[in-house]
Amino acid sequence: MLIKIYGSAIHGVAAQTITIEVNIDTGGVGYHLVGLPDNAIKESSYRISAALKNVGFKIPGKKITINMAPADLRKEGSAYDLSIAIGILAASDQILAEEIENYIIMGELSLDGSLQPIKGVLPIAIQAREEGFKGIILPKQNAREAAIVNDLEVYGVKNIKEVIDFFNEGKPLEKITLDTRKEFHEKINDFPFDFSEVKGQETAKRAMEVAAAGGHNIILIGPPGSGKTMLAKRVPSILPPLTLKEALETTKIHSVAGKIGTEDSLMTVRPFRSPHHTISDVALVGVIFQSK
């Protein structure tokens, strides 16, 4: 039996929908995973096998062929564990698959069937809405981040058994909703460090205020412990607040990098980065590719 289930791949700060085709054939035994998967995806069979066994299911002893389309696009990471596992159960008639094509399903499996958080959830949710999917099923730790996207049902789950029961028995999953604009306006001034906390340093403070007001660059030079990093950390609190569009773009970057906390959803303040002083120029500014 052939089943198609949908996941998503991250490229830069954008996502592309991946069709995971699972075909189970009674003529033979084997597990074949194709479509340019990396080692993390190839190793998923071991995680999936243990997770399914620990929740009362199993990988059938038949010929299983899994294709991740488009096949010429490299797939990376362990976020496809849940997609592949549900696809195998549906293709082997262990669960019902009537509504599977309506959802993007992503998540990394632990051996006991619980789900670990994944990266790049916000771009994935945005792409799912654009392509008309009904909802997205993902680890509960990522649910608030995905809920930023309106007009998309977001379900956060702790264990693969919850997903199985959702499709097989119609048991409802916890739907996560979030008022994006309310969240944005409530936390727009929620700074971890505030410029008003700095005592003394009047000259340095004045220079940083001028730089912030005029949009200038500034370099701080001084011996260790003189307050350079302390002042720099507090510059975002005197910069103009992010617009909602800027907040979404900033959140996408942090989402792909895996820097969004499990209790956070939207980046509402300007980020502060503190690279080590030995960092290379390329690592600091990024590599620029120029097409000819």
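Here the residue numbers are simple positions, counted from 1 along each chain's written sequence. In keeping with the model being predicted, local features are shown solely for residues with a pLDDT of at least 70 and side-chain atom pairs are shown and tallied solely at 80 or more, while totals for entire chains, interfaces and linings include all residues. Calculated side-chain values reflect all of the structure's heavy atoms, with hydrogen atoms and water omitted.

Trainee: Residue-level account of the packing of helix α4 (residues 121-130) against helix α10 (residues 244-257), with values.
Mentor: Any two packed helices are characterised by how steeply their axes cross, that is the angle between the axes, and by the distance between the axes. Where α4 contacts α10, the axes come no closer than 7 Å and their chain directions differ by 120°. Here V121, L122, P123 and I126 of α4 lie close against α10, whose contacting residues are L248, T251, K252, S255 and V256. Charged means Asp, Glu, Lys or Arg here, nonpolar means Ala, Val, Leu, Ile, Met, Phe, Trp, Tyr, Cys or Pro, and polar covers whatever is left, Gly included. Looking at the contact of α4 with α10, its residues break down into six nonpolar, two polar and one charged. For every element, the axis is a line fit to its C-alpha atoms; helices are fit only across the contacting stretch, and the angle between N-to-C directions ranges from 0 to 180 degrees. In this description a helix means any DSSP run of H or I spanning at least four residues, a strand means any run of E spanning at least two, and both kinds are numbered starting from the N terminus. In this description, contact between two residues means that some pair of their heavy atoms is separated by no more than 4.5 Å.

Trainee: Break down the pattern of salt bridges for me, with residues and values.
Mentor: Working definition: two side chains of opposite charge can pair if their charged atoms are close together. We define a salt bridge as a side-chain nitrogen of Lys or Arg found within 4 Å of a carboxyl oxygen belonging to Asp or Glu. Enumeration over the complete set of coordinates arrives at 10 salt bridges. A salt bridge links R144 to E183; the nearest nitrogen and oxygen atoms lie 2.9 Å apart. Note that R144 is positioned in helix α5 (residues 143-146) and E183 in helix α7 (residues 180-186), a separation of 39 residues in sequence. Given a relative accessible area of 25%, R144 falls into the partly exposed group. Here's how the labels work: a residue is buried when its accessible area is under 20% of the maximum for its type, exposed when over 50%, partly exposed in between, all with a 1.4 Å probe on protein chains only. A residue is classified by how much of its surface remains accessible, and E183, at 8% relative accessible area, is buried. For E202, the salt bridge identified is with K205, shortest N-O distance 3.8 Å. With a gap of three residues between them, E202 and K205 both fall in helix α8 (residues 202-214), about one helical turn apart. Judged by relative accessible area, which is 53%, E202 ranks as exposed.

Trainee: Which residues make up the packing of helix α2 (residues 44-54) against helix α3 (residues 81-91), and what are the values?
Mentor: Contact pair α2 / α3: the axes reach a minimum separation of 10 Å and the direction vectors enclose 60°. Our classification of the angle between α2 and α3 gives oblique. Viewed along their axes, α2 and α3 form a crossing whose handedness is right-handed. Across the interface between the two elements, S44, R47, I48 and L52 from α2 touch D81, I84, A85 and L89 from α3. Classifying every residue of the contact of α2 with α3 gives five nonpolar, one polar and two charged. Note that the term roughly parallel is reserved for angles under 35 degrees, roughly antiparallel for angles over 145, roughly perpendicular for angles of 65 to 115, and oblique for everything else. Throughout, a crossing is termed right-handed when the near helix is turned clockwise from the far one, and left-handed when it is turned anticlockwise from it by less than a right angle.

Trainee: Let's hear about the packing of aromatic side chains: which residues, and what values?
Mentor: Paired rings are identified among Phe, Tyr and Trp, the last through its six-membered ring, by centres lying within 6.5 Å, and are further divided according to the angle between planes into stacked (under 30 degrees), edge-to-face (over 60) and tilted (the rest). Scanning the entire structure with this criterion turns up six aromatic pairs. Ring geometry for Y155 against F166: centres 5.6 Å apart, planes inclined by 40°, an arrangement best described as tilted. Highlighted residues: Y155 in strand β9 (residues 153-157) and F166 in helix α6 (residues 160-169), separated in sequence by 11 residues. F166 carries the same exposure label as Y155, and that label is buried. Put simply, the rings of Y103, Y155, F166 and F167 pair up and form one aromatic cluster.

That is the geometry; function is a separate question.
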